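Observations on the three-dimensional arrangement
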Amino acid sequence: MATTRVTLRQLHAFEAVARLRSFSRAAEEMHVTQPAVSKQIRLLSEEIGLPLLEQIGKKVFLTEAGEQLVATCADWLETWDRFEQSIADLKGLKQGRLRIATVTTAKYFMPRILGPFCSEYPGVDIAMEVVNRDRLLERLFSNRDDLYVMGVPPDGRDIESEPLIANDLVVLAAASHPLAERARIPMHELSAHHFLVREQGSGTRMTVEHVFRENKVPFQVRMELGSNEAIKQAVAGGLGLTVLSRSTLYPVGTNDLAVLDVEGFPIRRAWYVVRPKGKQLSVVAETFLHYLRDHIQMLAPRP
Ligand code: PGA
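Summary of the structure given here.

1. Here we look at the sheet that holds strand β3 (residues 96–103)
Read across the sheet, five strands follow the order β4-β3-β5-β12-β6 without closing on themselves; strand pairing throughout is mixed. Each edge of the open sheet is held by one strand with a lone partner, namely β4 (124–131) and β6 (159–166). With strand direction ignored, the average angle separating the axes of adjacent strands in the sheet is 25 degrees. Contacting β3, β4, β5 (147–150), β6 and β12 (270–276), helix α6 (residues 133–141) crosses the sheet at an angle of about 155 degrees to β5.

2. A few points about a nonpolar patch on the surface
Where nonpolar side chains cluster on the molecular surface, the patch consists of Leu8, Trp80 and Phe83 and spans about 260 Å² of accessible area. Structurally, Leu8 is set in helix α1 (residues 8–20).

3. Some thoughts on the site of the ligand
Neighbouring the ligand are 14 residues, the closest being Thr104, Thr105, Ser202, Thr204 and Arg269. Thr105 places a side-chain nitrogen or oxygen 2.8 Å from an oxygen atom of the ligand. In this structure, Arg133 approaches the ligand through a main-chain N or O atom, which is 3.1 Å from an oxygen atom. Look at the ligand: alone it shows 280 Å² of surface, and the protein chains cover 100% of it. Residue composition of the shell around the ligand, grouped by class: three nonpolar, eight polar and three charged.

4. Some points on the sheet that holds strand β11 (residues 257–259)
Consider a sheet: its strands pair through backbone hydrogen bonds, and that pairing is either parallel or antiparallel. Here three strands make up an open sheet; going across it, the order is β10-β7-β11 and the pairing antiparallel. Each of the sheet's edge strands pairs with one partner strand only, and the pair in question is β10 (242–245) and β11. Here the average twist between neighbouring strands, direction ignored, is 45 degrees. Across four bridges, strand β7 (residues 169–174) lies against β10 in antiparallel orientation. Bridging across to β10, Val170 finds its partner in Leu244. Across the sheet, helix α7 (residues 203–214) is in contact with β7 and β10; its angle to β10 comes to roughly 125 degrees. Seen against the sheet, helix α8 (residues 228–236) touches β7, β10 and β11 and runs at an angle of roughly 140 degrees to β10.

5. Examining the pairing of strand β1 (residues 53–56)
A regular strand places its side chains on the two faces of the sheet in alternate fashion. Across four bridges, β1 lies against strand β2 (residues 59–62) in antiparallel orientation. Of the residues in β2, the one forming a bridge with Glu54 is Phe61. Hairpin geometry of β1 and β2 is characterised by an intervening segment of two residues between the two adjacent antiparallel strands and by a positive phi of about 60 degrees at Gly57.

6. Side note on unusual backbone geometry
For the bond from Phe265 to Pro266, the omega torsion is -5 degrees, close enough to zero to count as cis. Within the fold, Pro266 resides in the loop between β11 and β12. Backbone geometry at His31 places phi at a positive 60 degrees, although glycine is not the residue there. In this fold, His31 is placed in the loop between α2 (23–30) and α3 (34–48). Even without being glycine, Arg184 reaches a positive phi, approximately 45 degrees. Relative to the assigned elements, Arg184 resides in the loop between β7 and β8 (194–198).

Thresholds applied
- Residues numbered from 1 in each chain as written.
- Predicted model: local features only at pLDDT ≥ 70, side-chain atom pairs only at ≥ 80, totals over all residues.
- Heavy atoms only, no water.
- Pairing = 2+ DSSP bridges.
- Helix = DSSP H or I, 4+ residues; strand = E, 2+ residues; numbered from the N terminus.
- Axes fitted to C-alpha atoms, helices over the stretch in contact; angles between N-to-C directions.
- Contact = heavy atoms within 4.5 Å.
- Patch = residues over 30% accessible without salt bridge, like charges linked within 9 Å, V, L, I, M, F, W, Y side chains within 5 Å.
- Areas by Shrake-Rupley, 256 points an atom, 1.4 Å probe, with all protein chains shown as cover.
- Salt bridge = Lys/Arg side-chain N within 4 Å of Asp/Glu carboxyl O.
- Near = heavy atom within 4 Å.
- Polar contact = N/O pair within 3.5 Å; in protein donor to acceptor, adjacent residues only side chain to side chain.
- Nonpolar A, V, L, I, M, F, W, Y, C, P; charged D, E, K, R; others polar.

This is the structure we're talking about:
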């Protein structure tokens, strides 16, 4: 078999399509176009001399050759990553690439800590993926990044998670909403109001549904939106109430929204930094983790 022209780029594309079972999601993750991914896979199949993937309708299946390549490929790419990192470590401490994945809501504070970190370590090149909790778990379980920041870490002994800072969930309404004037609103009164919620797969959505269910308070969903910002705008526009992380209100507060004083709220939670148990962190990732522990309190939102 003449596989001398197999490239890392082809293997990366194949690994992503095999894992996500989708050309479009692989392209999105790799920040390239879908035809670029298809081309890499075609070149790889030609080199190997057998088809690796089969597409039936919208579904992607692995052929037998594809199955065998998946196992080899994951080990190989990880070894290569470690090699690249140890070269960066050899070239000088605190150089190289830091890969972080955060849930969408953490975007309100993570970039603010990355700024000063980058000024202190200009040799570090940072890639930060911002996805919802479900997508982040996929990345965590396939060991795609150095560190993960999320509000609801998964259960299980294979994960190490460490709380960083408060991540309370609060009930929000338009500033002009009649409930904004009230104190100690009983939670069951919320069932008379329409709610705007995040999409399925979001950590916020998961916690909110859980808390309402536990308290046996029915929950009327008026609209589902895939973005905290869109929800805040819709709530400010009077479309309903919502429950979001207090982190979404800072650092830039807004006069259009009121945090309601509802019994049982805020739901006290934390932001966690998470990694697979036993994962050997690069020097850069280790440095960032220390930096995060030492500096995160500076970002504590006002209560
Ligand atoms: P989300 O996660 O952005 O997926 O809702 C937030 C959280 O888990 O607190």
